[in-house]
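Now for the letters of each chain:
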Amino acid sequence: MKLYEFEGKQLLARGGILTPLGDIIHRDSEAALKRFTADEVILKAQMLEGKRGKNGYIFSPGDWSEVQAKTQQWFKSQKVASVLIEEKLKKSEEYYVSCLYNTIPRQAEVVFSAYGGTDIEELSQKFPKAIVRLPIDALEGLAPWQARQLVKDGGLESADIVRVADILVRLYNIYNKYDCRVAEINPLIKTVDGELIAADAKIELDDNALFRLPVGLLPDRLPTEENPREKAAKEIDSFDYRGSAGSTYIDLPGDIGVLASGGGASMMAMDMLIGAGGRPANFTEYSGNPPRSKVKRLTEIVLSKPNLKGLWIVGATANFTDIFETLMGVVEGLRSSTVATKIPIVIRRAGPRDEEAFAMLRKIKKDEGFDLYLFGNETSIGKSAEVMVEKTKK
Amino acid sequence: MSILIDKNTTVVVQGITGREGSKATSEMLRYGTSVLAGVTPGKGGQAVEGVPVYDNMQEALTNHPRINACAVYVPPVTLKDAVLEALGNGLKLIQIFTEKVPIKDLVYLRATAQKVGAVIVGPSSVGIITPGQSKLGSIGGGVPERMFAPGKIGIISKSGGLCSEVAGLLKTAGLGVSTAVGIGGEVIAGSDIVDIGRLFEKDRNTIAVVVVGEVGGAYESLLAKAVVEGAIKKPYVAIIGGRFSELLPSATRLGHAGAIVEGNESSFECKVTTLRQAGVLVADKIHEVPALVQKQLVKNKSNKARYGR
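Cut-offs used in this document
- Residues numbered from 1 in each chain as written.
- Chains lettered and ligands numbered in written order.
- Predicted model: local features only at pLDDT ≥ 70, side-chain atom pairs only at ≥ 80, totals over all residues.
- Helix = DSSP H or I, 4+ residues; strand = E, 2+ residues; numbered from the N terminus.
- Contact = placed C-beta atoms within 7 Å.
- Rg over C-alpha atoms; globule rule 2.2 N^0.38 Å.
- Buried ≥ 20, exposed ≤ 12 C-beta atoms within 10 Å, placed from the backbone.
- Domains from an automatic or database assignment.
- Nonpolar A, V, L, I, M, F, W, Y, C, P; charged D, E, K, R; others polar.
- Core = buried A, V, L, I, M, F, W, Y, C linked by C-beta atoms within 7 Å.
- Pairing = 2+ DSSP bridges.
- Axes fitted to C-alpha atoms, helices over the stretch in contact; angles between N-to-C directions.
- pLDDT = per-residue confidence, 0-100.
- Arc of directions from axis to C-beta.
- Expected span 1.5 Å × (residues − 1).
- Parallel < 35°, antiparallel > 145°, perpendicular 65-115°, else oblique.
- Left-handed = near helix turned anticlockwise from the far one by under 90°.

Undergrad: Outline the overall build of chain A, listing residues and values.
TA: On a plain count of helices and strands, chain A comes out with 11 helices and 16 strands. By principal-axis analysis of the C-alpha atoms, chain A measures approximately 80 × 50 × 40 Å. By sequence separation, contacts in chain A at least 24 residues apart represent 73% of the contacts at least 6 residues apart.

Encoded structure:
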């Protein structure tokens, strides 16, 4: 879960890192923080997309009417959840500090650069030596002496070594304690008064660890931009822990509904469909032997997209997913849909109880008028994709 | 020969009383794997499919000292503790079925396993099978022989379903499998492609290896690097899923936790290009895999004839 900047800053503050004085402007509220004059503050749209500076979502107002005008303008976008109004910092230096997982050594690492403020990707291309990294031994953690060594290697001198290293250790502790995937401060500003303040916060929490986040810390936010199908699909897993269905659902511009099974096979199936000239209407996936009720719901969601010309139910050869139960879920979803009888449906599945499942499907095809085309693993995923594309052309 | 498991593998199942744990136990027993014990804290004294259940690993190992492998089916909340218990009791092969495990726990477990010289396969691993001898985990379901024939081709797969799919394609083409390993599609894998590849290098019964990879992460690129550097010399065939991610915004998570394209290295194009440059044959479609394996074998044979190896 990605955090908004202001939520990230709340975590930093809990971990003992200074953040600017600031306040949140909600859609229905007035700008606060009037103890500053308008030219002493900065406005920052709270959204999950990056590159806000380049895209005009950070603004220095001249007077309070500009604050109001800019805020209202930003709120026209559903991507803007709120606006952060903050004291403008008088900076003398900008640093970059972050913690993240490096999947090559399969360890956490802390990263430092004395040249903060710019995009780190840009910096690493232009001046790779300006960035220093330290892998963290998970059994030992990050010791202050290691952090001091790192920032000195990164070019810091005198007392800054101790003070920035201290921030690095605090950031690592926050990262570790709250199960972050990424915790980045860019820039970490050294003010003209010598204070170190986190001017930005980019924090992403590990979705698999949200269950152990301290009570009250889990952001309670309303989904803003998700489309109704993506939202409905996500909700399937939140009510039932068995297997997974719909945790990934993405609407695409095509006309073939896809109900794929298996994390890896679903991706490969999409490649096959596109390779065969098909245009998928969505990407989604169920796996891990979900109960039929979940598959039913996901089937309904896939079929709710307007103007479908076909439905492709596809997977590789399942190891432990019950093909009969899950395809029964599909059938229940088809029965509750008004379009299912009007479009060709190609099914390619194999695995535990597949023979029972196909006997059931043949009967349903005969009795209930669905336009079903049934394939097991004697037919390749690619071939079934070609059949699906051909059927939608008719 | 084979890697990781063979007919002498004897198994303890953690979380044996759960839905998937008990099902996997009955499947393993049916396939001829010696499942000697299960562990579920608080349920000691029960039995699952005739296999005795113990409250802790120490009791299980005291009563069944021959146990040398562990299959883990506990929920994500208790996964770290369960694996530390297995490692703490000296087990050297741990296969984790559990999905949705916190990344921090995986990193910690991997560091611990390295320290004590143990191998972790997973999490989100469908299992390991040496056809005709043994299987550890859910791989192949109740009737693994339907898809997995004994033979000389190794399989390393992030995906469970595609692992069986590839084995079935090989079988239809008259090829069999030495050992197939489901490594899972996580961000942090207990064993990555190269870790398992190094084991296949030493296995005289494996003459070629098929890798089922996908977009996200760097494990496929690390394979290419290992081939270029000569750490891996056997012929490889790969199939990479997720080309369609090119149509999507960056950093969209796809089928697996690790399947996120962020930056160039984790992209489909980069993986396929670096693998091909290294000499790995990359299939465009999964059903082309057996033909490419045969092509690699012929090429390798003629190389051997030429260089007299």
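Undergrad: Can you lay out the overall build of chain B for me, pointing to particular residues and giving the numbers?
TA: Within chain B one finds nine helices and 14 strands. Its C-alpha radius of gyration of 19 Å places chain B within 12% of the 19 Å reference for a compact globule of 309 residues. With the C-alpha coordinates aligned to their principal axes, the bounding extent of chain B is approximately 60 × 45 × 35 Å. The burial tally for chain B puts 58% of its 309 residues in the buried class. A separation of at least 24 residues holds for 70% of the contacts in chain B among residues at least 6 apart in sequence.

Undergrad: Describe the domain arrangement of chain B, and please don't skip the residues or the numbers.
TA: All names here are of chain B. Each domain of chain B was delimited in the assignment, giving domain 1 (1–126) and domain 2 (147–309). Every contact between the two is made by 18 residues of domain 1 and, on the other side, 19 residues of domain 2. At the level of secondary structure, the elements contributing two or more residues to the side of domain 1 that touches domain 2 comprise α4 (103–116) and β7 (119–121). Broken down by element, the side of domain 1 that touches domain 2 gets its largest block of residues, five residues, from α4. Looking at the side of domain 1 that touches domain 2 residue by residue, the class counts come to 13 nonpolar, four polar and one charged.

Undergrad: Can you explain the interface of chain A and chain B? Please cite residues and give values.
TA: Of the residues lining the interface, 43 residues belong to chain A; the matching set on chain B comes to 53 residues. When residues of the side of chain A that touches chain B are traced back to their parent elements, those giving at least two are β6 (107–113), β11 (244–251), α7 (263–275), β14 (310–317) and α11 (381–393) of chain A. Looking at the side of chain A that touches chain B element by element, the count peaks at 10 residues for α7 of chain A.

Undergrad: Run through the nonpolar core, naming residues and quoting values.
TA: The biggest cluster of nonpolar side chains holds 211 residues, and the ones touching the most others in it are L168 and L171 of chain A together with V72 and V166 of chain B. When neighbours within four sequence positions are excluded, L171 of chain A is seen to be in contact with I17, V97, C99, A183 and I185 of chain A.

Undergrad: Hey, could you go over the domain arrangement of chain A for me, with residue numbers and the actual values?
TA: For chain A, the domain assignment lists domain 1 (21–87), domain 2 (91–212) and domain 3 (228–393). Relative placement of domain 2 of chain A and domain 3 of chain A: their C-alpha centres are 44 Å apart.

Undergrad: If you had to explain the environment of A147 of chain A to someone new, which residues and values would you point to?
TA: All names here are of chain A. Along the chain, A147 turns up in helix α4 (residues 144–153). Sequence-wise, A147 and K391 are 244 residues apart; in three dimensions their C-alpha atoms are separated by 62 Å. Those residues within four positions of A147 in sequence are excluded, and the remaining contacts are L142, A165, L168 and V169.

Undergrad: Break down the sheet that holds strand β14 (residues 281–283) of chain B for me, citing the residues and quoting the values.
TA: On the basis of which strands lie adjacent, the open sheet formed by seven strands has the order β9-β8-β11-β10-β12-β13-β14 (chain B) and mixed pairing. The outermost strands of the open sheet, each flanked by one partner alone, are β9 (134–137) and β14 of chain B. With strand direction ignored, the average angle separating the axes of adjacent strands in the sheet is 15°. Here five bridges tie strand β10 (residues 150–157) of chain B to strand β12 (residues 208–214) of chain B, and the two strands are oriented parallel to one another. Bridging across to β12 of chain B, I153 of chain B finds its partner in A208 of chain B. Sheet contacts for α7 of chain A: β12 and β13 (236–241) of chain B; angle to β13 of chain B, the most-contacted strand, approximately 80°.

Undergrad: Give a description of the confidence of the model for chain B that names residues and reports values.
TA: For chain B, per-residue confidence averages 93 on the pLDDT scale, and 97% of positions sit at 70 or higher. Both scores are given for the predicted complex: the pTM is 0.92, the ipTM 0.90.

Undergrad: Any details on helix α6 (residues 228–238) of chain A? Residues and values, ideally.
TA: Residues and elements named next belong to chain A. Along α6, the residues classified as buried are R229, A233 and I236. Seen from one end, α6 has its buried residues packed into an arc of 40°, which puts them on one side. Among the exposed residues of α6, those pointing more than 90 degrees away from its buried face are P228, E235 and S238. Buried residues along α6 sit in contact with β11, β13 (282–287) and α8 (292–303).

Undergrad: Requested: an account of the environment of G174 of chain B, with residues and values cited.
TA: Note on placement: G174 of chain B falls in the loop between α5 (160–172) and β11 (177–182). Remark: the alpha-carbon pair of G174 of chain B and G151 of chain B, spanning 23 residues in sequence, is separated by 9.2 Å.

Undergrad: Talk me through helix α9 (residues 323–335) of chain A; I want residue IDs and the actual numbers.
TA: For α9 of chain A, which comprises 13 residues, the first-to-last C-alpha distance of 18 Å matches the rise-based estimate of 18 Å (1.5 Å per residue) to within 8%. Of the residues making up α9 of chain A, those classed as buried are I323, T326, L327, M328, G329, V330, V331, G333 and L334 of chain A.

Undergrad: Explain unusual backbone geometry to me, and be specific about the residues and the numbers.
TA: Glycine aside, negative phi is the norm for most residues, and most peptide bonds take the trans geometry. For the bond running from N186 of chain A to P187 of chain A, omega is 10°, close enough to zero to count as cis. Within the element layout of this structure, P187 of chain A appears in strand β8 (residues 180–191). With omega at 5°, the peptide bond leading from G122 of chain B into P123 of chain B counts as cis. Structurally, the position occupied by P123 of chain B is in the loop between β7 and β8 (127–130). Positive phi values are uncommon outside glycine, yet S158 of chain A reaches one of about 45°. Tracing the sequence through the fold places S158 of chain A in helix α5 (residues 158–177). Given 7 C-beta atoms within 10 Å, S158 of chain A falls into the exposed group. One non-glycine residue, K100 of chain B, lies in the positive phi region at around 60°.

Undergrad: How would you sum up the packing of α7 of chain A against α11 of chain A? Please name residues and give values.
TA: Any two packed helices are characterised by how steeply their axes cross, that is the angle between the axes, and by the distance between the axes. All names here are of chain A. Interaxial distance between α7 and α11 falls to 8 Å at its minimum, and their mutual angle equals 50°. What the angle tells us is that α7 and α11 run oblique. Considering the relative orientation of α7 and α11, their crossing is right-handed. Along its contact with α7, which presents M268, A269, M272 and L273, the element α11 presents I381, G382, A385 and M388. Broken down by class, the residue content of the contact of α7 with α11 amounts to seven nonpolar, one polar and no charged.

Undergrad: Mind laying out the sheet that holds strand β15 (residues 344–350) of chain A, listing which residues take part and the relevant values?
TA: Residues and elements named next belong to chain A. Strand order in the open sheet formed by six strands is β11-β13-β12-β14-β15-β16, with mixed pairing between adjacent strands. The outermost strands of the open sheet, each flanked by one partner alone, are β11 and β16 (371–375). Strand-to-strand twist across the sheet, computed as the mean angle between neighbouring axes with direction ignored, equals 15°. With five bridges connecting them, β15 and β16 associate as parallel partners.

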